[in-house]
Amino acid sequence: MCFRPADASVDAGSNKCPECGQDIQVLTGIALKKCPHCKCDLVPYLKGEKPIPAAPPIPRAATPAAPKAPEAPKA
């Protein structure tokens, strides 16, 4: 017998806590009210009263300059 998660469907997986960022396993039919890791209150996030913090923007490297056209050969 092998171990299988409570919900093995394709959309089952984990969500991240909006405050600590830890993975929270999603179980069908169970709505967590507190994060099991940091114990923050998840109810305001579930009701939409508190916005979920956005991820910080990805830093991008500066775009390199276009190469210059070759010069004419000198005699």
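Now for a description of the structure that goes with this document.

1. Side note on the overall build of the protein chain
Helix and strand counts for the protein chain stand at one helix and two strands. Counting over 75 residues, the protein chain shows a buried share of 9%. Taking the contacts inside the protein chain whose residues are at least 6 apart along the sequence as the reference set, 14% of them involve residues at least 24 apart. Accessible surface, the protein chain as shown: approximately 7100 Å² in total, 59% of it carbon and sulfur.

2. Considerations on the nonpolar core
Grouped together as the largest cluster of nonpolar side chains are six residues: C17, I24, C35, C40, L42 and Y45. Contacts of L42, omitting those with residues within four sequence positions, involve C17, P18, I24, L32, K33, K34 and C35.

3. Looking at the environment of C17
For C17, the position within the fold is in the loop between β1 (14-16) and β2 (23-25). Given the relative accessible area of 3%, C17 is considered buried. Contact partners of C17, with chain neighbours within four places excluded, come to Q22, I24, C35, C38, C40 and L42.

4. A closer look at unusual backbone geometry
Keep in mind that most residues, glycine aside, have a negative phi and that most peptide bonds are trans. Phi is positive for K39, which is not a glycine, with a value near 65°. Within the secondary structure, K39 sits in the loop between β2 and α1 (43-47).

What counts as what
- Residues numbered from 1 in each chain as written.
- Predicted model: local features only at pLDDT ≥ 70, side-chain atom pairs only at ≥ 80, totals over all residues.
- Heavy atoms only, no water.
- Helix = DSSP H or I, 4+ residues; strand = E, 2+ residues; numbered from the N terminus.
- Buried < 20%, exposed > 50% of the residue type's maximum accessible area, 1.4 Å probe, protein only.
- Contact = heavy atoms within 4.5 Å.
- Areas by Shrake-Rupley, 256 points an atom, 1.4 Å probe, with all protein chains shown as cover.
- Core = buried A, V, L, I, M, F, W, Y, C linked by side-chain atoms within 4.5 Å.

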